[in-house]
Amino acid sequence: MVNLSPEAEAAGYRLIALEATESTNDDALRAARSGDPGQLWIVAGEQHAGRGRHGRQWSSPPGNLYTSLLLIDPCEPQHAPQLGFVAGLALHEAIEAVTGVGALRLSLKWPNDLLLDRAKVSGLLLEGHRLQGNGPLAIIIGMGVNVAFAPTGTPYPAKALQSVRPGLTRQHVFRALSASFAQTFSAWRNAARMNAADPFGPIRRLWLERAAGLGQEVTLRLPSGERRGIFEGLDRFGRLQLKSVSGVELIDAGDLYFPHLLHDIAKP
Ligand SMILES: O=C(O)CCCC[C@@H]1SC[C@@H]2NC(=O)N[C@@H]21
């Protein structure tokens, strides 16, 4: 049984809780196409076709949290990628609150993974769909949190929250997440109203304070091959600034790996 936090309810969010489904991101899209007004969380106890980034499968046995948030026309389309950072920050805050582990052990890995002791505990899949030709913009923020189990055989180290907080459930995590998202999203919208020139500024600062590998040498795996350089920061669209001998390159998709973890990572 999962419930919204009182903060999320007060802010007008709604919840559909399912025992099992194919993918909550697909359920959210179906809801959008049927005219749902958004601010809708969908949570499932398990998924039979959970999806990750880059078309990967997201293993979804019972015990972990699988949820998608549908937002309708939350912002101008060019600002939509910022919502991945808004949700990443909300996850960071929620996981810090429910596990009680210090913020220093939790970090955000570009673009939107949450790491605990440098192992992945949560992944985020951000999707945008234009409805009815040129109609409203549906944004779906899908999040999977390893509460009870960590997947095995992944191309990165993974960990479950119960390894640091036995007894923690997906309900604890969801309640905290629905509260922190409502608060972070509203702060982002207010910042955008007050500073239209750089609406991403405050979120970017908070995100970078929690970023894994900032200022360090990193390896990026892109469809066009591997790139190495120093992770300098984020630009105003959330693109990663990678500094190398050939200058600063802006990267808007890819997976980030840290050199000292590379030996743990099987090549895809
Ligand atoms: O590759 C990643 O790191 C992103 C994983 C996102 C998984 C979540 S689980 C809930 C939602 N439904 C899906 O099918 N995927 C997302």
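Residues numbered from 1 in each chain as written. Predicted model: local features only at pLDDT ≥ 70, side-chain atom pairs only at ≥ 80, totals over all residues. Heavy atoms only, no water.

Looking at an unreviewed UniProt entry, one finds the chain named biotin--[biotin carboxyl-carrier protein] ligase, with Microvirga vignae as its source organism. A UniProt comment under Catalytic activity (unreviewed entry) is attached to the chain, and it reads "biotin + L-lysyl-[protein] + ATP = N(6)-biotinyl-L-lysyl-[protein] + AMP + diphosphate + H(+)". (UniProt positions renumbered as here; feature names shortened; annotations may be inferred.)

Student: Any chance you could explain the packing of helix α3 (residues 82-99) against helix α4 (residues 170-194) here in plain terms?
Tutor: Describing two packed helices takes the angle between their axes plus the distance from one axis to the other. Two elements in contact, α3 and α4, have axes whose closest approach is 8 Å; the angle formed by their N-to-C orientations is 135°. Here α3 is positioned oblique relative to α4, judged by the angle of their axes. Classified by chirality, the crossing of α4 by α3 is right-handed. Of α4, the residues touching α3 (which contributes Q82, L83, V86, A87, L89, A90, L91, E93, A94, I95 and V98) are H172, V173, A176, L177, S180, F181, Q183, T184, F185 and W188. Broken down by class, the residue content of the contact of α3 with α4 amounts to 15 nonpolar, five polar and one charged. (Axes fitted to C-alpha atoms, helices over the stretch in contact; angles between N-to-C directions. Helix = DSSP H or I, 4+ residues; strand = E, 2+ residues; numbered from the N terminus. Parallel < 35°, antiparallel > 145°, perpendicular 65-115°, else oblique. Left-handed = near helix turned anticlockwise from the far one by under 90°. Contact = heavy atoms within 4.5 Å. Nonpolar A, V, L, I, M, F, W, Y, C, P; charged D, E, K, R; others polar.)

Student: Where do I start with the sheet that holds strand β3 (residues 65-72) in this structure?
Tutor: Picture the strands of a sheet paired through backbone hydrogen bonds; they go either parallel or antiparallel. Ordered by their spatial adjacency, seven strands build an open sheet running β1-β2-β3-β7-β6-β5-β4, and the pairing between neighbours is mixed. The sheet is open, and its two borders are formed by β1 (14-21) and β4 (106-109), each paired with just one other strand. Strand-to-strand twist across the sheet, computed as the mean angle between neighbouring axes with direction ignored, equals 20°. Examined bridge by bridge, β4 and strand β5 (residues 113-116) share four bridges and lie antiparallel to one another. Of the residues in β5, the one forming a bridge with K109 is D113. (Pairing = 2+ DSSP bridges.)

Student: Is there a simple way to explain the UniProt feature "domain: BPL/LPL catalytic" (unreviewed entry) in the chain in this structure?
Tutor: The UniProt feature table records "domain: BPL/LPL catalytic" (unreviewed entry) at residues 14-189. In residues 14-189, the share of helix is 27% and the share of strand is 30%. The end C-alpha atoms are 19 Å apart.

Student: Just to check I follow, could you spell out the side chain of T184 for this structure?
Tutor: The residue T184 is located in helix α4 in this model. Assessed through its relative accessible area of 7%, T184 is described here as buried. Setting aside chain neighbours within four positions, we find T184 in contact with V86, L89, A90, E93 and I203. (Buried < 20%, exposed > 50% of the residue type's maximum accessible area, 1.4 Å probe, protein only.)

Student: Help me understand the nonpolar core, please; the structure alone is not making it clear to me.
Tutor: Nonpolar side chains in soluble globular proteins tend to end up buried together. In terms of nonpolar packing, the biggest core is built from 58 residues, with Y13, W41, I141, V173, F181 and W207 touching the most fellow members. Of all the elements, α3 adds the most residues to this core, at ten residues. Each of domain 1 (6-208) and domain 2 (213-257) contributes no fewer than three residues to this core. Those residues in contact with F181 that sit more than four places away from it in its chain are Y13, W41, L69, L71, V86, A87, A90 and I141. Among the nonpolar cores identified, the runner-up in size contains ten residues, and A31, A32, I42 and I140 belong to it. (Core = buried A, V, L, I, M, F, W, Y, C linked by side-chain atoms within 4.5 Å. Domains from an automatic or database assignment.)

Student: Quick question: what am I supposed to make of α3 here?
Tutor: Each α-helix turn comprises 3.6 residues. Residues three or four places apart therefore point the same way. Compared with the 26 Å implied by 1.5 Å per residue over 18 residues, the 26 Å span of α3 between its first and last C-alpha is a close match. Counting buried residues along α3, 15 of its 18 residues qualify, which places the element largely inside the surrounding structure. Looking one or two residues beyond α3, the residue adopting positive phi is G100, at roughly 75°. (Expected span 1.5 Å × (residues − 1).)

Student: Can you walk me through the environment of L114 in this structure?
Tutor: Assignment of secondary structure puts L114 in strand β5. Distance in space between the C-alpha atoms of L114 and H92 is 6.8 Å, their sequence separation being 22 residues. Setting aside anything within four residues of it in sequence, one finds L114 in contact with L91, H92, I95, S107, L108, A119, K120, V121 and S122.

Student: Honestly, the site of the ligand in this entry has me stumped. Any pointers?
Tutor: Close to the ligand lie 19 residues; S23, Q47, R51, R53 and K120 are nearest. Here S23 contributes a side-chain N or O atom positioned 2.8 Å from an oxygen atom of the ligand. Taking Q47, its side chain carries an N or O atom lying 2.9 Å from a nitrogen atom of the ligand. For the ligand, whose accessible area on its own is 410 Å², the fraction buried by protein is 98%. Only α2 (24-33), β3, β6 (119-130) and β7 (137-145) provide two or more residues apiece to the shell around the ligand. A per-element tally of the shell around the ligand places β6 first, with four residues. Of the residues contributing to the shell around the ligand, the split by class is four nonpolar, eleven polar and four charged. (Near = heavy atom within 4 Å. Polar contact = N/O pair within 3.5 Å; in protein donor to acceptor, adjacent residues only side chain to side chain. Areas by Shrake-Rupley, 256 points an atom, 1.4 Å probe, with all protein chains shown as cover.)

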